[in-house]
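So you can see what is in the structure, the chains are spelled out below.
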Amino acid sequence: MAGRLTLMFTGPGRVEVVAREGGGDDDGGPGAPAPPGQVLVRTLASAISAGTELLAFRGQIPPGTALDETLGALAGGTFAYPFRYGYAAVGEVAAVGAGVDAAWRGRRVFAFEPHATAFTAAPADLVAVPDGLAPERAALLAHMETAVNLVLDGAPLVGEEVLVIGQGTVGLLATALLARFPLARLTVCEPLPLRASAARALGARHVAASADDAVRAVGARGADLVFELSGDPAALDLAIAAAGHEARIVVGSWYGGKRAAVNLGGRFHRRRQRLVSSQVSRIAPGLSARWDRERRFGVAWNALAEIDTLPLVSHRFPFADAQAAYELIDRHPERVLQVLLAYG
């Protein structure tokens, strides 16, 4: 491979693998140099987010929106084409720069980096992968961290009726975490059979294929806690309809530029329901005295070690075939759970 390659979102429905400007002549191999104070990481696998990345692929995020000001590799960029994106890469440190402990060389690490064959980063921006954890499982750290954050924000209680709307990867991982709680019942709403089957395997007690079925499943009393993770703003009406008196509705979906009329009339108003925005870049103020990013990472790593996530990886594409990977996610969601890009 001549030069480091990166994935560029170049227009609605289009990504391209291109030589990274300033990437040098190396491909991130063992003999390649690293800048002072940084390490060079050769990518092994990266996970595509079927939520945010699909919005980016479709052009459904306002161009002026920041990519992510909390992640160094994305800070300063926007969703105006062309742009680099992605935030779930696992690789092996191929070289260390001056001033960096040589012990980093050869370590497997996770990084919130765009999809690329190799990248440089400061050690402080890397998360060491626990020994024995396969790259395909480690690549889901960002997804699992989000799922952990959702559960923290929802704060499920013993004996509660919980409903999860949407069983993409984050929804499935949230379901797997919630299945560990002594709930009265855990119900998910997911119309796609492949995802519904995965939810059952991860511990969902009941799987509803439609909004009406979900409302019937939680009964007249309604759910105590609802997670809206479908990515569809219209699902907020289902969350409100299924939620009980003074129930919490945790909205983990990011809708980008999509809008929808939401019924905040009688049921929402009279039942005093509470909408909770959940976003992984911040820990809720009420938890920040005892929780930080490092502690949340620890919980996510433990969950990835204990929950077999390999069955969730439905497709693996060579990095060079990234366009086909995004097209599959976009056009055939019924066939897809989690898609990984592989770097051979």
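Use the structure listed above.
Treat the numbers as computed from the prediction; the structure is a model and nothing was measured.

### Thoughts on the packing of aromatic side chains
Tallying each qualifying case throughout the model produces 13 aromatic pairs. Taking the centre distance of 5.5 Å and the plane angle of 80 degrees together, the rings of Phe-9 and Tyr-326 count as edge-to-face. Of this pair, Phe-9 sits in strand E1 (residues 5-11) while Tyr-326 sits in helix H10 (residues 322-331), placing them 317 residues apart in sequence. The pair formed by Phe-9 and Tyr-326 is uniform in burial state, with each residue classed as buried. Judged by centre distance (5.4 Å) and plane angle (80 degrees), the ring pair of Phe-79 and Phe-83 falls under edge-to-face. Comparing Phe-79 with Phe-83, the two get one shared label, buried. Counting every residue linked through ring pairs, the aromatic cluster contains Phe-9, Phe-57, Phe-79, Tyr-81, Phe-83, Tyr-85, Tyr-87, Trp-254 and Tyr-326. A cation over a ring is seen here: Arg-107 above Trp-104, with NZ or CZ 4.6 Å from the ring centre. The aromatic ring of Trp-291 is capped on one face by Arg-295, whose charged end is 3.9 Å from the ring centroid.

### Structural notes on the pattern of salt bridges
Within the structure shown, the criterion is met by twelve salt bridges. Taking the shortest distance from any N to any O, the salt bridge between Arg-42 and Glu-92 comes out at 3.5 Å. Of this pair, Arg-42 sits in strand E3 (residues 39-47) while Glu-92 is found in strand E5 (residues 89-96), placing the two residues 50 residues apart along the sequence. A relative accessible area of 28% means that Arg-42 is categorised as partly exposed. Across the salt bridge formed by Arg-331 and Glu-327, the nearest N and O atoms sit 3.9 Å from each other. Pair noted here: Arg-331 and Glu-327 are both in helix H10, with a separation of four residues, about one helical turn.

### Remarks on the side chain of Glu-228
Within the secondary structure, Glu-228 sits in strand E12 (residues 223-228). The buried charged residue Glu-228 lacks any salt bridge, with Lys-258 as its nearest oppositely charged partner at 8.8 Å. Side chain to side chain, Glu-228 and Ser-253 meet in a polar contact 2.9 Å long. Not counting the four nearest positions on each side in its chain, Glu-228 is found in contact with Ile-165, Ala-235, Leu-236, Val-250, Val-251, Gly-252, Ser-253 and Tyr-255.

### Some words on unusual backbone geometry
Residue Pro-82 is reached from Tyr-81 by a cis peptide bond, and omega for that bond is -5 degrees. Relative to the elements of secondary structure, Pro-82 occurs in the loop between helix H1 (52-58) and strand E4 (83-84). Positive phi values are uncommon outside glycine, yet Glu-246 reaches one of about 55 degrees. Inspection of the secondary structure puts Glu-246 in strand E13 (residues 243-251).

What counts, and at which threshold
Residues numbered from 1 in each chain as written. Predicted model: local features only at pLDDT ≥ 70, side-chain atom pairs only at ≥ 80, totals over all residues. Heavy atoms only, no water. Phe/Tyr/Trp six-rings, centres within 6.5 Å; stacked < 30°, edge-to-face > 60°. Helix = DSSP H or I, 4+ residues; strand = E, 2+ residues; numbered from the N terminus. Buried < 20%, exposed > 50% of the residue type's maximum accessible area, 1.4 Å probe, protein only. Lys NZ or Arg CZ within 6 Å of the ring centre and 35° of its normal. Salt bridge = Lys/Arg side-chain N within 4 Å of Asp/Glu carboxyl O. Lys, Arg positive; Asp, Glu negative; His and termini not counted. Polar contact = N/O pair within 3.5 Å; in protein donor to acceptor, adjacent residues only side chain to side chain. Contact = heavy atoms within 4.5 Å.

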